[in-house]
Amino acid sequence: MKKFNLAMAFAAGAILLSGCKLDKMIKLAQENDLQVDPNPLEVHGGNVPFEMSAVLPPKILPENTSFTLNTIYVYGDQEVSVGAVEFKASDFPNSSNTTSRKVENFSFPYQEGMNPGTLYVQGVATDLRNGKTKETDRLAVAQGLVMTSRWIKDVAMASYADHGYNDKEELVPTNVNFYFDQGVSNLRASLSYEGKSNQKKRDELSAFIAEKNVTRTVSITGTHSPEGSETINSNLSENRAKEIEKFYRNRMDRYDYKGAADSIDFILKPVIQDWSAFKAALASYEGISAEEKSQYTNIINGSGSFVEKEKEMQKLSTYKKVFKDIYPGLRSAKTEVLTVKPKKSNAEIAVLAKAIVNGEADADTLSIEELMFSATLTPSLEEKAAIYKAAADKSGMWQAHNNLAAAHIQMAKRGDASKLDGAATQLEIAMNKMSSAAEVQANMAAVQILQGDYEAAYETLNGVSSSSNDVNGKVNAMKGAVELRMAEYDKAKASFASASSSDNVIVDRGLAHLLSNDYKMADAEFKQVERADAYYLLAVSAARQNNASEVGSNLKKAVDAEPSYKDMALNDLEFTNYADAVNEAVK
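All values derive from a computational prediction rather than experimental measurement. (Residues numbered from 1 in each chain as written. Predicted model: local features only at pLDDT ≥ 70, side-chain atom pairs only at ≥ 80, totals over all residues. Heavy atoms only, no water.)

1. What to know about helix α23 (residues 548–561)
In this model α23 runs 20 Å from its N-terminal to its C-terminal C-alpha over 14 residues, within 8% of the 20 Å that 1.5 Å per residue would give. The complete set of buried residues in α23 reads V551, G552, N554, L555, A558 and V559. Buried-residue contacts for α23 involve α22 (532–544), α24 (565–571) and α25 (579–586). (Helix = DSSP H or I, 4+ residues; strand = E, 2+ residues; numbered from the N terminus. Expected span 1.5 Å × (residues − 1). Buried < 20%, exposed > 50% of the residue type's maximum accessible area, 1.4 Å probe, protein only. Contact = heavy atoms within 4.5 Å.)

2. Description of the pattern of salt bridges
Taken as a whole, this structure holds 28 salt bridges when the rule is applied. In this structure, R129 engages D127 in a salt bridge whose closest nitrogen and oxygen atoms are separated by 3.6 Å. Judged by relative accessible area, which is 57%, R129 ranks as exposed. For D127, a relative accessible area of 8% translates into the label buried. The partner of E370 in a salt bridge is K344, with the nearest N and O atoms 3.2 Å apart. (Salt bridge = Lys/Arg side-chain N within 4 Å of Asp/Glu carboxyl O.)

3. Regarding the packing of helix α20 (residues 503–515) against helix α21 (residues 519–526)
Relative orientation of the contacting elements α20 and α21 amounts to 165 degrees, with a least axis distance of 7 Å. Relative to α21, the element α20 is oriented roughly antiparallel. Crossing angle aside, the handedness with which α20 passes α21 is left-handed. Listed contacts from α21 to I506, V507, R509, G510, L511, H513 and L514 of α20 are Y519, M521, A522, E525 and F526. (Axes fitted to C-alpha atoms, helices over the stretch in contact; angles between N-to-C directions. Parallel < 35°, antiparallel > 145°, perpendicular 65-115°, else oblique. Left-handed = near helix turned anticlockwise from the far one by under 90°.)

4. Let's talk about the nonpolar core
Y536, L555 and F575 are the most contacted members of the largest nonpolar core, which has 74 residues in total. Tallying contributions element by element places α22 first for this core, with 10 residues. Setting aside chain neighbours within four positions, we find F575 in contact with Y536, A539, V540, A543, V551, L555, A569 and V582. The next biggest cluster of nonpolar side chains, apart from the first, holds 33 residues, and it includes V36, V43, L61 and F92. (Core = buried A, V, L, I, M, F, W, Y, C linked by side-chain atoms within 4.5 Å.)

The values are spatial; any link to function lies outside them.
Set out below in structure tokens:
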């Protein structure tokens, strides 16, 4: 912050003055002190804000007078009247023997061409009784402009809706339950339970095995019913499971599985003296009343061994009915086969998608999920867009329209601005189908950013609500960049803290720290990006930290990477005190 004394300007203008009182004010004004902060002036959020303070000496404000400091910003052949600091004698009743101090904050809108420019102050003494005034010459009090905040990079990220397809291996369960006679583990083909005999189930399982589905595991859970003849044989559950494993392996030999059988993991789970299956069957059993069921539950939850509890149940009046209806279903070997779900390979999907796009295959050749997924298999944005258009034509799903818009956004970012209209159209369609979709709203904000409508983009971004970390990260990245452009540096830093990363986001995050004077954090961000603008901003940070060597070394990197930065550095007010370092770096 620099101080300026208006004495010389006032003295130069004194020959123009008349009136004893005003002449005296001008003479006393030689002791005025004026401060402008920041100096040089800086652009922030499209405006040039600054603080100006002035201290008037004692006796400069006689009764019924005022003294005004008018500020004017001049650039080229243009000038902008910024504002004034006015001292009225009536507001400073002790001015005859004390100094009078006043501080005002000013701001004027930045316009292209304002850099470079100069801020001037012109003093005006006024006799309030007759309106007579005396002016001084203009005094230059600040240079402008520091343009560091203009290094911001727009962040517009495309959000794709989930295609709904899983290209990873999925396992499909096939369940078959076999049942046994009381107390034995031999499988009787004619035994029937729940309307289907073991023979029928064997035939079905045989047909399943014959198909040679890619199988990962075969889990067999052997169980027994609670009565004594079942529980006394501790190997009964395990033997029942082994009986089914033996049958399964025999069928694999019959159907020539060869080495494929070795990759199948057989898991045997014998369940011994466990009430879980009985309690589940009893809960769904409709043959006895709820009160009668509670009698069994009380016994199970009471004291005693497994065998003792079963003997207590035998005393119940409903035991024979339960024994006849429930117990047979507990003498089982429950088999679950996990096979790999058949799917097209990614290569097949890609080929078929291309054929659909080219009109060489029917759209139903792929499911909508497969078609949407195929777009992720190509790096070409044009091919992605063509696939999503085919998907939109096929299904009309909001996801397809949104993803087509996302591809257009990425093409617009690449330099084809004409794609923005197409993106906006697709998003309107998607919005009509699913207005609450976070991906659609985030993409709408991205379009608005690319169109330069930052106010609308910010409003849109603030309305996004998503459970997706991916979408939230992109929304926060875009919000941070817009807040940085608005000079809301603390808000920008908060948004960037949970934002998706990219080189532009990192540079913007560093810029938010730089513009809020957190140079250590700013340097840490800029050093992550090996790019000309990051080097240049490291040089700016070094200048603000009075580190001449770092100014020179980083500017050299910046100019080597981007020669057009040479003239910029030579004229940048950030480097006013580092002319030697700058000249050495750009030569």
